[in-house]
There are 2 protein chains.
Amino acid sequence: MKRTIYFKNKPVIIGAGSIGGPKESEGSIAKFIETKLDDDMFGEDSFEKAESKMLFNAIKTAILHAKKKEDEIDTIIAGDLLNQIIAATFAARNFSCGYLGVYNACSTFSEALLLGATLVDGGYMNNVICATSSHFSSAERQYRYPLELGCTRPPQAQWTITGAGAVVVSADGVGPKITGATVGKVIDYGVVDANNMGAAMAPAAADTLYTHFMETSLTPSDYDLIITGDLGTLGSRIFKDLVWEKGFNIEKQHVDCGELVYNICEDEYQGGSGAGCSALVFSSYIYKRLKEKKFKKILLLATGALLSTTSTQQGESIPAIAHLVVVES
Amino acid sequence: MKRTIYFKNKPVIIGAGSIGGPKESEGSIAKFIETKLDDDMFGEDSFEKAESKMLFNAIKTAILHAKKKEDEIDTIIAGDLLNQIIAATFAARNFSCGYLGVYNACSTFSEALLLGATLVDGGYMNNVICATSSHFSSAERQYRYPLELGCTRPPQAQWTITGAGAVVVSADGVGPKITGATVGKVIDYGVVDANNMGAAMAPAAADTLYTHFMETSLTPSDYDLIITGDLGTLGSRIFKDLVWEKGFNIEKQHVDCGELVYNICEDEYQGGSGAGCSALVFSSYIYKRLKEKKFKKILLLATGALLSTTSTQQGESIPAIAHLVVVES
């Protein structure tokens, strides 16, 4: 069994697009976000349609920045948190290229990057879009409570981000390169609190990172940044402890997209989460810094909690997963 | 843009596992199904858990027939129809290898085959599992009505099959080979009747097949069989008409897994459907016939209706997709 793969032809991320909701557009990475919304309905009549439109917008922006025409895109690889990933599907309906739907909760963005890089690196395709989205209101009412209830949130809760990110992965061109990836496996430590995603996902992130170090003989100091998707403040602490127990200190390199995305104040508690979280932060702040070569080699480790309301109602614990991709400027 | 890809190293399907519910175990392909259940609860306390256990069983059987050990499997690529694909996730939790969740409704099986073949053909992995499942009762109560209501079904309705199929795609070994694939695109002809999936999906199947013929210069007579996933009787007719309009007569080659799986009687109307439909029929009947070289070259074109209850409630039409893989004995 091997979980780490290498991309010898180094597929290039030639363009990126990002869009954020009102709260995200006031956060600490706001100035890097391409499209900032002051209304999270985005002119639509439902949160779900707004989310899909945001994903569409991010894809369009990515294609524009990649200086490609739409008919040069071979396939869109996309997913989101909605049942039957309808945000991705309805966004893909507006394009004439292929579509591959993927779902690994909030680790979907790194899963899409891994598969997109594989298709391009192997010479099967020339230009592939990798994109994900999430929306606070569509996620909240699907996974938790009706928004109208105004439920109190516990302190370990995160705030699903409203936003989307998309990148164009290409066989040729200039930009940061995807050089490797490690596929995540399903890890379940028996956490049952659907408000404490960070604790459920941290062991999966630690497993993938440790596997990556073991299979590649690399160490934390080989990376400028080790970027988790949405562990939040508490989850990040558990993650760093678990990795430390396995013999690696990542205190210097680790940042979490969920922690980065907001100026943490009372409402968001542990920071942002959602399939759009790592996509938004990567496609804005991280991507721009990579292009400027301020980061040389980073590791994106988006984490996903693979629960559903049905599995929770049936008393199941929360399995989690984390896929990892290596990006070099 | 190109949607057809070729696998030069011809990844081999070295093993397959299939499991069917009580109704499927009495249908016309019953004798090819490995594990036949006389109780669709499969010893579990919910339909969802039963579905996940069926998928787990199919994967285990496939590994066994492939004469592989579990730790030789690099990754499981799987999906199903449940919200957040929990049948696949909870099945994957029992294995120590990687997991990539995919979702394109009932075309998920051919999507998984396409991605699995890519990972193996490109030399990124050695052994990949591709698997999907569906369960009549878990699908019915999630997508349509509570089972206790005993709703009357309209004549254009299909019957979601209870079953799962899994294959091991490998870099080496003996068995049928995956030689090519065409990625589907999202097609929406504006069908809004969630009971008439065949009509919604037929245009997507026709588009992918036509694209395949155009990009490869092959014709229907190059194939022994052109196998759609779950168009049903009505959908198959629409599909053949649409392909005929584009200049190809596939009357001789076409079969539909949904039409094959049952001895059509009153209840099932148009035949079977579901993400498990093409997986079950391929992993049992088709796979065995390919191994016996009774079929030389077939084309599996699983079709998916990409709706959700939310999209239907919000007045959206039903987008559809169909991915195609070419398998040669």
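As the structure is a computational prediction, the values presented were derived from the model and not from experiment. (Residues numbered from 1 in each chain as written. Chains lettered and ligands numbered in written order. Predicted model: local features only at pLDDT ≥ 70, side-chain atom pairs only at ≥ 80, totals over all residues. Heavy atoms only, no water.)

Enquirer: I'm lost on the overall build of chain A in this one. Help?
Expert: What chain A contains, in helices and strands, is nine helices and 14 strands. Relative to the 2.2 N^0.38 estimate, which gives 20 Å for 329 residues, the radius of gyration of chain A is 18 Å and therefore close to what a compact globule would have. Seen through its principal axes, chain A has C-alpha atoms that stretch 50 × 50 × 35 Å. Here chain A holds 329 residues, and the buried ones make up 68% of them. Within chain A, contacts between residues at least 6 apart in sequence are counted, and of these 77% link residues at least 24 apart. For chain A, the accessible surface area stands at approximately 10,900 Å², while carbon and sulfur atoms represent 49% of it. Distance from the positive charge centre (30 side chains) to the negative charge centre (38 side chains) of chain A: 8 Å. (Helix = DSSP H or I, 4+ residues; strand = E, 2+ residues; numbered from the N terminus. Rg over C-alpha atoms; globule rule 2.2 N^0.38 Å. Buried < 20%, exposed > 50% of the residue type's maximum accessible area, 1.4 Å probe, protein only. Contact = heavy atoms within 4.5 Å. Areas by Shrake-Rupley, 256 points an atom, 1.4 Å probe, with all protein chains shown as cover. Lys, Arg positive; Asp, Glu negative; His and termini not counted. Charge placed at Lys NZ, Arg CZ, Asp CG, Glu CD.)

Enquirer: Explain the interface of chain B and chain A here, please?
Expert: Bring the parts together and some accessible area is lost; that lost area is often taken as the interface size. Tallying the contact residues gives 63 residues for chain B and 63 residues for chain A. Here chain B and chain A share an interface that buries about 5,100 Å² over both sides, 59% of which is from carbon and sulfur atoms. Three residues, B:Met1, B:Gln84 and B:Tyr124, lead the burial of chain B against chain A; their summed loss comes to 16% of the area buried on that side. For the pair chain B and chain A, the number of links is four salt bridges. In this structure, A:Asp188 engages B:Arg93 in a salt bridge whose closest nitrogen and oxygen atoms are separated by 2.6 Å. Counting the contacts that link chain B with chain A gives 36 residue pairs in polar contact (both at pLDDT 80 or more). (Buried area = accessible area lost by both parts, 1.4 Å probe. Salt bridge = Lys/Arg side-chain N within 4 Å of Asp/Glu carboxyl O. Polar contact = N/O pair within 3.5 Å; in protein donor to acceptor, adjacent residues only side chain to side chain.)

Enquirer: Looking at this model, I keep getting lost on the relation of the copies chain B and chain A. Mind explaining?
Expert: Superposition of the two copies of the chain requires a rotation about an axis together with a shift along that axis. Mapping chain B onto chain A calls for a rotation angle of 180° and an axial translation of 0.0 Å; the resulting RMSD is 0.0 Å. Those values place the two copies in the arrangement expected of a two-fold rotation axis. Taking C-alpha positions as reference, the residue of chain B nearest the rotation axis is B:Val102, located at 2.1 Å. Same-surface contact between copies: 100% of interface residues of chain B are shared with the interface of chain A. (Least-squares fit on C-alpha atoms with pLDDT ≥ 70 in both.)

Enquirer: Whenever I open this one, the pattern of salt bridges confuses me. Can you help?
Expert: Close approach of charged atoms allows side chains with opposite charge to pair. By the definition in use, this model includes 28 salt bridges over all chains. The closest approach of N and O atoms between A:Glu34 and A:Lys288, which form a salt bridge, is 3.8 Å. You can see A:Glu34 sitting in the loop between strand 2 (12-20) and strand 3 (35-36) and its partner A:Lys288 sitting in helix 8 (residues 275-291), a full 254 residues away along the chain. Between B:Arg153 and B:Glu140 there is a salt bridge, and its shortest N-O distance comes to 3.1 Å. A residue pair is termed long-range when its members are at least 10 positions apart, and B:Arg153 in the loop between helix 4 (136-143) and strand 7 (159-160) and B:Glu140 in helix 4 qualify at 13 residues. B:Glu140 matches B:Arg153 in its accessibility class, with the two residues each being buried.

Enquirer: Would you mind going over the pairing of strand 10 (residues 225-228) of chain B with me for this structure?
Expert: Looking along a regular strand, one sees side chains alternate from face to face of the sheet. Residue and element names in this part refer to chain B. Residues Leu225 and Ile227 of strand 10 are buried on one face, and the alternating residues Ile226 and Thr228, pointing to the opposite face, are buried as well. With four bridges connecting them, strand 10 and strand 13 (residues 297-305) associate as parallel partners. The partner of Leu225 across the bridge, within strand 13, is Ile298. Where strand 10 lies against strand 11 (residues 254-256), three bridges are found, and the strand directions are parallel. (Pairing = 2+ DSSP bridges.)

Enquirer: Explain the pairing of strand 13 (residues 297-305) of chain A to me, please; I cannot follow it from the model alone.
Expert: All names here are of chain A. With respect to burial, strand 13 is a largely interior element, nine of its nine residues being buried. Neither face of strand 13 is exposed, since Lys297, Leu299, Leu301, Thr303 and Ala305 on one face and Ile298, Leu300, Ala302 and Gly304 on the opposite face are all buried. Bridging between strand 13 and strand 14 (residues 320-328) involves nine bridges; their strand directions are antiparallel. Within strand 14, the position partnered with Thr303 by the bridge is Ala322.

Enquirer: Explain helix 4 of chain B here, please?
Expert: In an α-helix there are 3.6 residues to a turn, and that puts residues three or four apart on one side. Residue and element names in this part refer to chain B. Of all the eight residues making up helix 4, seven are buried; the element is thus mostly covered by neighbouring parts of the structure. All of the buried residues along helix 4 are Phe136, Ser137, Ser138, Ala139, Glu140, Gln142 and Tyr143. Buried residues belonging to helix 4 abut helix 1 (47-65), strand 6 (127-134), strand 7 and helix 9 (309-313).

Enquirer: I would appreciate a short explanation of the packing of aromatic side chains in the present structure.
Expert: The geometry of an aromatic ring pair is captured by two quantities: the separation of the ring centres and the angle between the planes. Within this structure, the stated rule accounts for 16 aromatic pairs over all chains. These aromatic residues form a ring-pair network of at least three members: A:Phe32, A:Tyr285 and A:Phe295. One Lys or Arg, B:Lys23, reaches over the ring of B:Tyr262 and ends 5.9 Å from the middle of that ring. Of note, B:Lys297 hangs over the ring of B:Tyr223, and the distance from its end group to the ring centre comes to 5.2 Å. (Phe/Tyr/Trp six-rings, centres within 6.5 Å; stacked < 30°, edge-to-face > 60°. Lys NZ or Arg CZ within 6 Å of the ring centre and 35° of its normal.)

Enquirer: How should the confidence of the model for chain A be read in this particular structure?
Expert: In low-pLDDT regions, the fine details of the predicted coordinates are not to be read closely. When pLDDT is averaged across chain A, the result is 96; 98% of the residues are at 70 or more. Confidence metrics for the complex model read pTM 0.98 and ipTM 0.97. (pLDDT = per-residue confidence, 0-100.)

Enquirer: When you look at unusual backbone geometry in this model, what are you seeing that I'm missing?
Expert: It is generally the case that most residues other than glycine have a negative phi and that most peptide bonds are trans. All names here are of chain A. Even without being a glycine, Gln84 presents a positive backbone phi close to 60°. Looking at the element boundaries, Gln84 is found in the loop between strand 4 (75-80) and helix 2 (86-92). Here the phi dihedral of Ser217 falls at roughly 60°; this positive angle occurs in a residue that is not glycine. Here Ser217 shows up in the loop between helix 5 (197-216) and strand 10 (225-228). Residue Ser217 is classed as exposed on the basis of its relative accessible area, which comes to 64%.

Enquirer: What should I look at first to understand the side chain of A:Lys49 in this one?
Expert: Relative to the assigned elements, A:Lys49 resides in helix 1 (residues 47-65). One polar contact links A:Lys49 to A:Asp45, side chain to side chain, over a distance of 3.4 Å. Setting aside residues up to four positions removed in sequence, A:Lys49 forms contacts with A:Glu44, B:Gln314 and B:Glu316.

Enquirer: Honestly, helix 1 of chain B in this entry has me stumped. Any pointers?
Expert: Residue and element names in this part refer to chain B. For helix 1, with 19 residues, the first-to-last C-alpha span of 27 Å sits near the 27 Å given by 1.5 Å per residue. Among the 19 residues that make up helix 1, 14 are buried, leaving the element largely enclosed by the rest of the structure. Remark: Lys67 follows helix 1 within two positions and exhibits a positive phi of approximately 55°. (Expected span 1.5 Å × (residues − 1).)

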